[in-house]
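# Topology and contacts: notes
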Amino acid sequence: MQRQQQFDDHIDEGGFVEPKDWMPDDYRKTLIRQISQHAHSEIVGMLPEGNWVTRAPTLKRKAILLAKIQDEGGHGLYLYAAAETLGVSRDALVDALHSGKAKYSSIFNYPTLNWADIGTIGWLVDGAAIMNQVPICRCSFAPYARAMIRVCREESFHQRQGYDSLLVMMQKGTPEQKAMVQDAVNRWWWPCLMMFGPPDDQSPNSANGMRWGIKRVSNDTLRQKFIDATKQQADVLGVTLPDAELKWNEARGHHDHGPIDWAEFWRVVGGDGPVNRERLAARIKAWDDGAWVREAAMAHARKQVKTSEQAA
Ligand code: BYC
């Protein structure tokens, strides 16, 4: 009880928690859930873009895309490592993903149909990700907060490269290329708004997340900030966001927007989105195909230990 009180006081004072510090079980469980889902999202998030590596239109765009995908692999690894400091094994986390028990971001269950989808993912998906992740740099669990600082720096390059790629298509492209950009924005806009999670009054984890300093800003507040920032960028780009009700509300100081299809969100989160099955199957195949690499790395590590023991 006293430890609980000390923990609560520490959080209230804005303190950080390190892996070896005492923490309530529910705090640990919530972090394992959120950090591992975040890690899975990074790893599954490599798939929609990986689909376009061989078809990037120029060497420059291909190099940028490869770098972005590699960054995402790196983000997944830091986040798995941060989750492991809470006492869960990497194998258990990966099993939870492959068995369908663990969630990953709904956004990655939509297909990438044309090249403009890649620029749009950078602009909108990474833009939404940064909006959500900057506050996590101040998360009370220090290893997660530290990981997010580097992740956010890289995400901001990802967002910029996406916007730049779309700007080139909109300013120098053919009418067909401009139409591709608009088509991609039409398909990604609403799923991006869903990335922030359900509305605050339907978000079961928010109360504890906010209480414990894991979440610093609510789902709806971040979604609104994203809409306000993105509308201005869309105007510069020359694309229309697919929401007839989107308009500036002077009294609120924010944009009003049309209704979000939460039934679609829950369907996708529940495993029945456009490409959920394909994404999971691709991850399971990659894991199985990589078994020999893990075995070789373990054999090498065992040999190194033996050699250093013999030398000692
Ligand atoms: N998709 O109570 P709530 C990236 C689940 S990766 C799927 O509000 P919470 C990137 C939620 O887990 C982007 N599920 O939950 C990578 C919960 O279910 P459980 C990933 C979602 O945790 C590559 C239930 O719905 N970013 O940026 O308080 C390339 C109720 O929700 C979603 C992160 O993971 C969703 N969109 O808030 C490009 C950031 N939303 O677990 C980009 C860290 C909600 O109780 N995570 N659910 O079974 C967070 O900030 C929070 O976990 C969320 C949800 C805001 C996502």
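Our subject in this report is the structure included herewith. (Residues numbered from 1 in each chain as written. Predicted model: local features only at pLDDT ≥ 70, side-chain atom pairs only at ≥ 80, totals over all residues. Heavy atoms only, no water.)

Let us look at the overall build of the protein chain. Of the regular secondary structure elements, the protein chain holds 13 helices and two strands. Rg of the C-alpha trace for the protein chain: 21 Å, near the compact-globule value of 20 Å for 312 residues, within the 12% margin. With the C-alpha coordinates of the protein chain rotated into their principal frame, the extents come out at 70 × 50 × 30 Å. Looking at the protein chain residue by residue over its 312 residues, the buried ones come to 48%. (Helix = DSSP H or I, 4+ residues; strand = E, 2+ residues; numbered from the N terminus. Rg over C-alpha atoms; globule rule 2.2 N^0.38 Å. Buried < 20%, exposed > 50% of the residue type's maximum accessible area, 1.4 Å probe, protein only.)

Further remarks concern the pattern of salt bridges. What the rule picks out here adds up to 16 salt bridges. Through salt bridges with shared partners, a single network forms among E49, K68, E72 and D126. (Salt bridge = Lys/Arg side-chain N within 4 Å of Asp/Glu carboxyl O.)

What follows deals with the packing of helix α4 (residues 59–84) against helix α7 (residues 142–172). The geometry of α4 relative to α7 is characterised by a closest axis approach of 10 Å and an angle of 160 degrees between their N-to-C directions. Comparing the axis directions of α4 and α7 gives the class roughly antiparallel. In the packing of α4 onto α7, the handedness of the crossing is left-handed. (Axes fitted to C-alpha atoms, helices over the stretch in contact; angles between N-to-C directions. Parallel < 35°, antiparallel > 145°, perpendicular 65-115°, else oblique. Left-handed = near helix turned anticlockwise from the far one by under 90°.)

With that out of the way, let us pick up the environment of K29. Looking at the element boundaries, K29 is found in helix α2 (residues 25–44). The class of K29 is exposed, set by a relative accessible area of 58%. C-alpha of K29 to C-alpha of F196: the two residues are 167 residues apart in sequence and 21 Å apart in space.

Taken together, 33 residues surround the ligand, and among them R33, K103, S106, S203 and K215 come closest. A distance of 2.8 Å separates a nitrogen atom of the ligand from a polar backbone atom of S106. Taking P204, its main chain carries an N or O atom lying 3.3 Å from an oxygen atom of the ligand. Of all the elements in the fold, those that place two or more residues in the shell around the ligand are α2, α6 (115–133), α7 and α11 (262–269). Among the elements that make up the shell around the ligand, the one with the highest residue count is α2 (six residues). By residue class, the composition of the shell around the ligand is 14 nonpolar, twelve polar and seven charged. (Near = heavy atom within 4 Å. Polar contact = N/O pair within 3.5 Å; in protein donor to acceptor, adjacent residues only side chain to side chain. Nonpolar A, V, L, I, M, F, W, Y, C, P; charged D, E, K, R; others polar.)

Those residues of helix α5 (residues 90–98) not exposed but buried are L93, V94, A96, L97 and H98. Where α5 is buried, its residues meet α2, α4 and α12 (276–289). One or two positions beyond α5, positive phi appears at G100, with a value near 85 degrees. (Contact = heavy atoms within 4.5 Å.)

Here the structure, examined in full by the defined rule, presents ten aromatic pairs. The interplanar angle of 20 degrees and the centroid separation of 5.8 Å between the aromatic rings of W189 and F226 together place this pair among those described as stacked. Residue W189 is found in helix α8 (residues 175–194), and its partner F226 is found in helix α10 (residues 219–237); the two are separated by 37 residues along the sequence. On the basis of relative accessible area, W189 is assigned to the buried category, the value being 0%. Among the aromatic residues, those joined into a cluster by ring pairs are F7, W22, Y27 and W212. Over the aromatic face of W52 sits the side chain of R55, whose NZ or CZ is 4.0 Å from the ring centroid. Here R294 stacks its cationic end above the ring of W287, 3.6 Å away from the centre of that ring. (Phe/Tyr/Trp six-rings, centres within 6.5 Å; stacked < 30°, edge-to-face > 60°. Lys NZ or Arg CZ within 6 Å of the ring centre and 35° of its normal.)

With respect to the helices and strands, the residue T120 is situated in helix α6. On the accessibility criterion, T120 (0% relative accessible area) is buried.

Right, let's talk about the state of the cysteines for a bit. Tallied over the entire structure, the rule returns zero disulfides. Unpaired in this structure, C139 has its nearest cysteine sulfur neighbour in C137, at a distance of 9.8 Å. A residue is classified by how much of its surface remains accessible, and C139, at 0% relative accessible area, is buried. (Disulfide = S-S within 2.5 Å.)

This brings us to the environment of Q133. Following the sequence through the fold, Q133 ends up in helix α6. Along the backbone, Q133 and A145 are twelve residues apart, and their C-alpha atoms lie at a distance of 9.4 Å. Every residue in contact with Q133, bar those within four places of it in the chain, is listed here: H38, E42, M148, V151, C152 and E155. Within the structure, Q133 has its side chain in polar contact with the side chain of H38 (distance 2.9 Å).

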